[in-house]
Amino acid sequence: MALISSDRSRFPKDPWRLVETAHEPGNAGTLETLFCLGNGHLGIRGGHWAAADTELPGSFINGFHEIWDIKHAENAFGFARTGQRILYIPDVNNFTVIIDGETLSLAESAVQDYQRSVDFGTGVYECRVTWLCRSGAVVTTVERRAVGFESRGCMAITLELYADQYISADVTSSVINRQDQPVEDQSEHDPRRAGRHAGRVLLPLRLEGGDGSLRLSWQAAESRQRIGLAVDHVTSPVLQPFDTPVGPDESHARYVLAVGPDRPFRLEKSVSYAVARAVDPSLGDASAQDPVELAEAALLPVEDIFAQSQTHYSDYWATTDIVVGAQPELQQAIRWSLFQLAQATACADVAGIPAKGVSGSGYEGHYFWDQEIYLLPYLTYTNPDGARQVLEFRHEMLPDAKVRAKELSVDGALFPWRTINGLEASAYYAAGTAQFHIAAAIAFATNRYLWASADEDFKAGMGAELLIETARMWVSLGFFGKDGQFHIHGVTGPDEYTAVVNDNLYTNVMARFNLRAAAALDHAGIDDAERQLWAAAADRMQLPFDERLQVYSQDNDFMTLEGWDWSTPRSKYPLLLHFHPLVIYRHQVLKQADTVLAMFLQWADFSAEEKRRAFDFYDPITTGDSTLSACVQGIMAAEVGYGKAALEHFTNALFIDLDDTHSNTIDGVHIASTGGVWSSLVCGFAGMRDQGALPFFDPRLPSEWERLSFHLKLQGRLLYVDLSHEGINLSVREGSPLDVSVRGEVHTVGTEAVQVALEPVEVPEPTVFPSGLPTASIPIVRARA
């Protein structure tokens, strides 16, 4: 059931804000995700300040996690050994406001007026509530929040109180350790959700407080990572707190005062977090820094943090905004998606991007292939330095990836399917370790960054190592068969509803790319024999093709599987929550685009007819149970000429979180899907393709849209693209002229706009495939009695 799009009175269309104008019970956890703030390092969910009005509040720091030993019911060599899970850090967004003896909460108090918003242009959250108190007083509370950017561990919160008559106010500002609160383990019911730890996780190291200031630190019990927290309170009028008690699970500053028409109250809460590396107490480490001291040194006045946020987003939107003409509902959702991408990546530094960013604990805070295939395109063309840092983070994992490769009896490097600390954390190998294609995703993102940035230093060093070590993995994983072809067996592709198969087309196509990219390097670490082996494996790569249907097969056996029963009610989706994996594996049904994704990424390797037939065959049997699917389906629908289907898939992708269509937005934003929204606009409707001889555009603007415009940071230039139904306008806003191909015609683009007229795209007739499997025509022979 839709959420944001279903009630435009409560959630009005505002191109620069997400706004809620009335509070209603229900969906609190989902809205906590939608109104979150973050910077890629630090995130705070958009919960209300009163405990009674929250469902799953909390804050997170990218990479701050706990570990544990995975206990397998039936063990085997090479299984993942170390579980990893992002932790709720001690949370500062907690206030208790008591007016004339009444504790204010949306759940129990009378609300006269209500509005909250998150402003995409400034990064500021604001919630304004007018309360009709039981004492007869009318009180207004205004809370504002922002996170730092130059100071990425900082957060600012202000709370203001206004009253129409004199009242007695009792205001408590708290820090709560949510990680060690008793909460249900939701992963028992849904593997997409985060689990909980059985014992205490955050062990207190330092607990100090006085005069409204708090200096606190904890250590994770097993990972031994340490987190420090410095909090200062400033009030207007200036007040000393009633008390400032501290404890391992709750600390606070409490203020008791009179508030009146001429005497409002403002409480400023300046916060700074710092994470310090683990220390082995048995060895001792005199150089280890106190995380409280690190946090205290970075502490800033709240006005500085609000200013940082505003400056960051002013710069961000100047080159990252994507404008869609005459579509106010879509424009709001597009900017919300771009805002979430900034919140997940802006200050991540040399770290991965969790599947939920820093907006929630979903998927345990792990890094997947999502970041390379769905997020790195956005980062590469809007924040190339950020893209490089993610690849540097993967490069830091190389030593562990080489060890993991040996465990799986392959050469080179095998990166973990899901991880935080570089070790494999996926206990279910069929949908985890078997997804070897993550190696090609990292190689692909590396090659894209090199093509788009012309970063020769990275190419000569880290980039070359990533391409070489992944190529070595592929050539040792696969083999030359009796047919002379190169085969890769026992793998799972992106479609996790078809697991551990032979010659998955996506895997083989991407491995072929990886091998060719490595073979093309001029690098001293590659000898002629190795280069020739890579080239031979790539040239002879087996790509399954069904001659009867004239369609590339998802794997060697996919076309022989029994079709799924499409009368299955919608209540049984996603299938992974209602059917045993073996039931799903033996049917012809997809969780997400697989072959279609291969044809998008390796766009030059397939003909237009091959792409269209593949889309026609696979799109109807793709459930979309994965949030990564709709954007890819939309991109390919646009390319093959199905404008209506392209817009439908794009809209589905755009509202995955805003309408909570997968019923798990409560656990955080689907960041890869928001990256897919960026790709849908740039690669789908604008038809941009990269890694060829030239940047290439083949636009497909929906008939309902007036225009589409955006910038790309490309090969040292800032390219501006403005697409309308009359044609495409290209200009270089920064840098030297750039050669660009538009539907095969080369144009030199400089500061003066180049206008290229476009002919309408012909809508093809969809392919009609034969019904039934190849065995359907075999007559049934009944046994004689």
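Here is what the cut-offs are and how they apply
Residues numbered from 1 in each chain as written. Predicted model: local features only at pLDDT ≥ 70, side-chain atom pairs only at ≥ 80, totals over all residues. Heavy atoms only, no water. Pairing = 2+ DSSP bridges. Helix = DSSP H or I, 4+ residues; strand = E, 2+ residues; numbered from the N terminus. Axes fitted to C-alpha atoms, helices over the stretch in contact; angles between N-to-C directions. Contact = heavy atoms within 4.5 Å. Buried < 20%, exposed > 50% of the residue type's maximum accessible area, 1.4 Å probe, protein only. Core = buried A, V, L, I, M, F, W, Y, C linked by side-chain atoms within 4.5 Å. Expected span 1.5 Å × (residues − 1). Arc of directions from axis to C-beta. Polar contact = N/O pair within 3.5 Å; in protein donor to acceptor, adjacent residues only side chain to side chain. Salt bridge = Lys/Arg side-chain N within 4 Å of Asp/Glu carboxyl O.

1. Here's the deal with the sheet that holds strand E9 (residues 110–119)
In a beta sheet, neighbouring strands are held together by backbone hydrogen bonds and run either parallel or antiparallel to one another. The nine strands lie next to each other as E1-E9-E10-E11-E12-E18-E16-E15-E14, forming an open sheet whose pairing is antiparallel. Of all the strands in the sheet, the pair left with one neighbour each is strand E1 (17–20) and strand E14 (202–210). Going from strand to strand, the sheet's axes swing by 10° on average, the running direction of each strand aside. Where E14 lies against strand E15 (residues 213–220), eight bridges are found, and the strand directions are antiparallel. Opposite Glu208, over in E15, you have Arg215 as the bridge partner. Helix-sheet contacts for helix H2 (residues 291–298) involve strand E12 (154–163), E14, E15, strand E16 (226–236) and strand E18 (265–276), and the interaxial angle to E16 is about 40°.

2. Topic: unusual backbone geometry
Put simply, Ser236 and Pro237 share a cis peptide bond, and its omega is 5°. You can see Pro237 is positioned in the loop between E16 and strand E17 (250–259). Cis geometry is adopted by the peptide bond preceding Pro574, which originates at Tyr573 and carries an omega value of -5°. Its location among the elements puts Pro574 in the loop between strand E24 (562–563) and helix H12 (581–585). A positive phi is found at Val500, a non-glycine position, where the angle reads about 55°. With respect to the helices and strands, Val500 occurs in the loop between strand E21 (486–487) and helix H10 (505–519). Val500 gets classed as partly exposed once you look at its relative accessible area, which sits at 42%. A positive phi is found at Gln691, a non-glycine position, where the angle reads about 65°.

3. Some remarks on the nonpolar core
Counting 217 residues, the largest nonpolar core has Tyr273, Trp369, Trp474, Tyr618, Leu681, Trp705 and Leu708 as the members making the most contacts within it. Setting aside its immediate chain neighbours within four residues, Leu681 contacts Ile322, Val324, Ile334, Phe650, Ala686, Trp705 and Leu708. Listed in part, the seven residues of the second largest apolar core include Val124, Cys154, Ala156 and Val302.

4. Quick word on the environment of Glu465
Relative to the elements of secondary structure, Glu465 occurs in helix H9 (residues 456–477). The sequence separation of Glu465 and Ser6 amounts to 459 residues, and the corresponding C-alpha distance is 50 Å. Residues in contact with Glu465, not counting those within four places in the same chain, are His395 and Leu398.

5. A short note on the sheet that holds strand E13 (residues 167–176)
Overall, antiparallel pairing links the four strands, which are arranged E8-E7-E13-E17 in an open sheet. The open sheet has two edge strands, strand E8 (102–103) and E17, and neither has a second partner. The sheet contact formed by E13 and E17 spans ten bridges and is antiparallel. Residue pairing for E17: Ser173 is matched across the bridge by Ala253.

6. Here's the deal with the environment of Phe579
Secondary-structure assignment places Phe579 in the loop between E24 and H12. We classify Phe579 as partly exposed; its relative accessible area is 24%. If near-sequence neighbours (up to four positions away) are discounted, Phe579 is found in contact with Trp564, Thr568, Lys572 and Ile584.

7. So, helix H11 (residues 528–539)
Since the α-helix advances by 3.6 residues per turn, residues separated by three or four positions end up pointing in the same direction. Over its twelve residues, H11 extends 16 Å from the first C-alpha to the last, a length consistent with the 16 Å expected when each residue adds 1.5 Å. Of the residues making up H11, those classed as buried are Glu530, Trp534, Ala537 and Ala538. Around the axis of H11, the buried residues are gathered within 100° of arc, so they sit on the same side. Relative to its buried face, H11 has exposed residues pointing more than 90 degrees away, namely Asp528, Ala529, Gln532 and Asp539. The inward-facing, buried residues of H11 abut H9, strand E20 (479–480), E21 and H10. For H11, the N-terminal cap is Asp527; the gap from its side-chain oxygen to the backbone nitrogen of Ala529 is 3.3 Å.

8. As for the pattern of salt bridges
Applying the stated criterion to the full structure yields 40 salt bridges. Between Glu126 and Arg128 there is a salt bridge; the shortest N-O distance is 3.9 Å. The exposure class assigned to Glu126 is partly exposed, which follows from its relative accessible area of 24%. On the accessibility criterion, Arg128 (38% relative accessible area) is partly exposed. Close ionic contact of Glu639 with Lys611 constitutes a salt bridge, the shortest N to O distance being 2.7 Å. Taken together, the residues span a long stretch of sequence, with Glu639 in helix H15 (residues 629–640) and Lys611 in helix H14 (residues 608–618) at a distance of 28 residues. Summarising the burial analysis for this pair, Glu639 and Lys611 share the class buried. Sharing partners across several salt bridges, the network here consists of Arg10, Glu20, Glu24 and Arg116.

9. Topic: the pairing of E13
Burial analysis of E13 places nine of its ten residues in the buried class, the great majority of the element. Direction of pairing for strand E7 (residues 91–99) relative to E13: antiparallel, over a ladder of seven bridges. Bridging from a neighbouring strand, Thr96 pairs with Thr172 of E13.

10. Quick word on the side chain of Gln84
Looking at the element boundaries, Gln84 is found in strand E6 (residues 82–86). Judged by relative accessible area, Gln84 falls into the buried class, the value being 1%. Engagement of the side chain of Gln84 in a polar contact is seen with the backbone nitrogen of Ile420, the distance being 2.6 Å. Excluding anything up to four places from it in sequence, Gln84 contacts His65, Glu66, Ile67, Trp68, Glu364, His366, Thr419, Ile420, Asn421, Leu423, Glu424 and Ala425.

11. Describing helix H7 (residues 398–407)
For H7, the set of buried residues is Leu398, Ala401, Arg404 and Ala405. End-on view of H7: buried residues confined to an arc of 115°, all on one side of the axis. The outward face of H7, more than 90 degrees from its buried face, is lined by the exposed residues Pro399 and Lys406. Here the buried face of H7 lies against helix H6 (384–396) and H9. Ser409, located one to two residues past H7, shows a positive phi value of around 60°.

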